[in-house]
Amino acid sequence: MSTSDQQASPPRLAVPELLIGIGLLACAGAVAWQTLAIPVSPLYSKVGPTVFPYITMAGMILLSLLLILAALRGGWQPEEEKETPTDWTSMGFVVAGLVANLLLIQPLGFTAASVIMFVLVCFGFGSRHPLRDALVGLVLALAAYFGFARALGVNIGAGLIEDQLNVLINGVFGIGKG
Amino acid sequence: MDTLGYLAHGFAVAFTPTNLLWCLVGTTLGTAIGVLPGLGPALTIALLLPITYQVAPEASFILFAGIYYGAMYGGSTTSILLNTPGESATIVTALEGNRMARSGRGGAALATSAIGSFVAGTLGTLGVAFLAPIVVKFALAFGPAEYFSLMVLAFITVSAVLGSSSVRGLTSLFVGFVIGMIGVDLQTGQPRFTFGMGELLDGVDVIIVAVGLFAVGETLYMASRRYAGKDEIVPLKGSLYMTAAEWARSWKPWLRGAAIGFPIGAMPAGGAEIPTFLSYAIEKKLSKHREEFGTVGAIEGVAGPEAANNASAAGVLVPMLTLGLPTSATAAIMLSAFQSYGINPGPLLLTTQANLVWGLIASLFIANVILVILNLPLIGLWVRLLKIPAPQLYAGILVFATVGTYGISQSPTDLVILYLLGAAGFLMRRFDFPTAPVIIGMILGPLAETQFRRAMTIANGDWTVFYRHPLSLTLLTLAFIGLVGPHIWAWIEHRRTRGPEHVPGDA
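None of these values were measured; they are calculated from a predicted model. (Residues numbered from 1 in each chain as written. Chains lettered and ligands numbered in written order. Predicted model: local features only at pLDDT ≥ 70, side-chain atom pairs only at ≥ 80, totals over all residues.)

A. Layout of the overall build of chain B. The helix and strand tally for chain B stands at 22 helices and two strands. In terms of C-alpha radius of gyration, chain B reaches 23 Å, essentially the compact-globule figure of 23 Å for 507 residues. Once the C-alpha set of chain B is aligned to its principal axes, its extents read approximately 75 × 65 × 55 Å. The burial tally for chain B puts 60% of its 507 residues in the buried class. (Helix = DSSP H or I, 4+ residues; strand = E, 2+ residues; numbered from the N terminus. Rg over C-alpha atoms; globule rule 2.2 N^0.38 Å. Buried ≥ 20, exposed ≤ 12 C-beta atoms within 10 Å, placed from the backbone.)

Here it is in structure tokens:
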């Protein structure tokens, strides 16, 4: 942001930046609402659980006003970002993959949901080999499930695929021990 | 016991076969995620945080430190061969390093950056070992008021002084404060910012915030920018061994870079951008081959900043281990790992957890040796990682993001929070808000609040306690200068350069 540019052309209102400033102001409002909802014992009037929330709220209001002011003066987006068009189709597929994962992870289990997300995200990023991607996704999800989750002791919801494989693995180990 | 005695003890801890194995795993994983665009040490350590429930603290911190150092080495490979700096600290490396690769001297660029990282990393780690006990002596005199003021100073430096805009940096920081306050207030038991939802009583896990901002947000951003520019990998040409002339041109920048990087990293300000840019400017000024800068690529411009980067990464560990003060997103996540073990980093850490701290420092020396081996003879392996196509890479990142998040409590609510944070991360990336202050704010904010309330309670609710103590007043003054100073300076500069134009007849 060079000063001479600002002097030369009259500042234009930057709508996306303005929305961000207003959004942050709304967040400050939510903080205020939730802070007022904290019951305070008079014992803690000066150092209670609301002092920091109030400071945070005040800071957020001040910052959102400064952001709105910057937006009114033409915003702060670098030229490069402004000129690149957003690829909505690509983003749409990624978002669809995320939502599918969220909806399917409980009914189908982690592996199946991950494979579906994997294929959708790959497609969004321009890959046109859904079958190959599904295979890669399956291998990766199983590796994540068995290598990562079981090694870390993290319990991910198991679906049909995981159950079958767990039974198989336990069976093999059972035979090995016997 | 003096520092050397402690260090010897630390090496005894680090040289056990299991801990050596953790170090090897950490450095290998760290190099890999450093090489891969879109993955960073903060995200990786966050995803691996559940390991703290499984293994001893020494093991997990040796693993995390290996990842932390490894990512610095790996990141420079990507900068040199792909010209896509994985993180802000390697922007400068890409400047000259990528030009060197294009003019067929990629091997020398990789070698000087790996050996420079080794030299500076080792010097920096030595700095940690000798500086930490000194800082502890000072820190023991700190009361709650001083701690609070020190944290305010750190907040200002990480969000307002570094980065492109103080307003946007502070905005990120305050968003982090709000996230950090969600849940039950530990001192009074009151729920805060839960919007009446039971799931939020335990607070938002740092794993979800880091994964949301760094993995989901980054993936959405890359998807939205898919056609913005295709990066090409410069094929690795030239010998990996530096010529005598290249050694002669490299060793001074390494030492200067380390001397610049470590002190700046060790200050409660942190950040690797300033030392790398500073080192670049100095090398450019001192170089006898100034014509190579910006044209064919100058080796000094790679050697100096890379050394500064690694030394400052080591320096960041000093305030983290001695004061419990994280000044980068990765350090903040490591601090939450300490909390997960019920350990409070602070002045007492070096004596109460001597095994852990000195074992960790000793393992950093070992990590540096492993890393220089991993990154020079085995460089071909990492170059191959760069060829993973973007679709599968980002889809895979999301699979691991799901494992890390859903695995915490198998709750779809966590996934919803993850996606909301991902959307926020996308907007922040798109509109140039830094993300690290969010993580630092959410981890350090609650600690600052605790110190604030402690100081206020001791002073019977008297606000003046923060400026009646001379040390606390000094720290707050420094913070104020950090916040206001750059603006005043810019205004004066503006006036000085503008002055004659405005009033031509005055001069």
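Once you've had a look at it, read on.
B. Summary view of helix α6 (residues 106-139) of chain B. At Leu131 of chain B, α6 of chain B shows its largest bend, some 35 degrees, and a proline, Pro133 of chain B, comes one to four positions later. Judged by how many residues are buried, α6 of chain B sits mostly within the fold: 24 of 34 residues are covered. (Bend = angle between axes of the 7 residues up to and from the residue.)

C. Inspection of the interface of chain A and chain B at higher detail. Each side of the interface is counted separately: chain A has 60 residues, and chain B has 56 residues. The set of elements that each furnish at least two residues to the side of chain A that touches chain B consists of α2 (15-36), α3 (51-72), α5 (88-108), α6 (110-124) and α7 (130-152) of chain A. Among the elements that make up the side of chain A that touches chain B, the one with the highest residue count is α3 of chain A (nine residues). Taken together, the residues of the side of chain A that touches chain B sort by class into 37 nonpolar, 19 polar and four charged. (Contact = placed C-beta atoms within 7 Å. Nonpolar A, V, L, I, M, F, W, Y, C, P; charged D, E, K, R; others polar.)

D. Layout of the environment of Ile45 of chain B. Position of Ile45 of chain B among the secondary structure elements: in helix α3 (residues 41-47). Counting along the chain gives 91 residues from Ile45 of chain B to Val136 of chain B, while the straight-line C-alpha distance between them is 26 Å.

E. Representation of the environment of Leu471 of chain B within the structure. All names here are of chain B. Residue placement: Leu471 occurs in helix α22 (residues 470-502). Taking the number of C-beta atoms within 10 Å as the measure of exposure, Leu471 has 15 and is therefore partly exposed. On a C-alpha basis, the gap between Leu471 and Gly143 in space is 9.9 Å, while along the polypeptide they are 328 residues apart.

F. Geometry of the packing of helix α9 (residues 206-224) of chain B against helix α18 (residues 390-409) of chain B. All names here are of chain B. Across the interface, α9 lies against α18 with an axial gap of 10 Å and an inter-helix angle of 160 degrees. Judged by the angle between their axes, α9 and α18 are roughly antiparallel. Handedness of the α9/α18 crossing: left-handed. On the side of α9, the interface is formed by Ile207, Ile208, Val211, Ala215, Val216, Thr219 and Met222, while α18 contributes Tyr394, Ile397, Leu398, Ala401, Gly404, Thr405 and Ile408. Considering only residue class, the contact of α9 with α18 consists of 11 nonpolar, three polar and no charged. (Axes fitted to C-alpha atoms, helices over the stretch in contact; angles between N-to-C directions. Parallel < 35°, antiparallel > 145°, perpendicular 65-115°, else oblique. Left-handed = near helix turned anticlockwise from the far one by under 90°.)

G. Seen up close, helix α1 (residues 3-14) of chain B. All names here are of chain B. Taking 1.5 Å per residue as the helical rise, α1 with its 12 residues ought to reach 16 Å, and the 16 Å between its terminal C-alpha atoms agrees with that figure. Along α1, the residues that are buried comprise Tyr6, Gly10, Val13 and Ala14. On an axial view of α1, the arc spanned by its buried residues comes to 90 degrees, and they lie on one face. Residues of α1 that are exposed and point more than 90 degrees away from the buried face comprise Leu4, Gly5 and Ala8. (Expected span 1.5 Å × (residues − 1). Arc of directions from axis to C-beta.)

H. Structural view of the environment of Val416 of chain B. Examined against the element boundaries, Val416 of chain B turns out to sit in helix α19 (residues 412-430). Note: C-alpha distance between Val416 of chain B and Pro437 of chain B (21 residues apart in sequence) is 22 Å.

I. Focus on the nonpolar core. Core analysis: the biggest nonpolar cluster contains 210 residues, and Ala210, Val211 and Ile439 of chain B have the highest contact counts within it. At 15 residues, helix α4 (residues 57-82) of chain B tops the list of elements feeding residues into this core. The residues that make up this core include at least three from each of domain 1 (8-83) and domain 2 (88-177) of chain A. Setting aside chain neighbours within four positions, we find Ile439 of chain B in contact with Ala42, Gly176, Val209, Ala210, Ala329, Ala332 and Ile333 of chain B. (Core = buried A, V, L, I, M, F, W, Y, C linked by C-beta atoms within 7 Å. Domains from an automatic or database assignment.)

Just distances and angles here, no functional claims.
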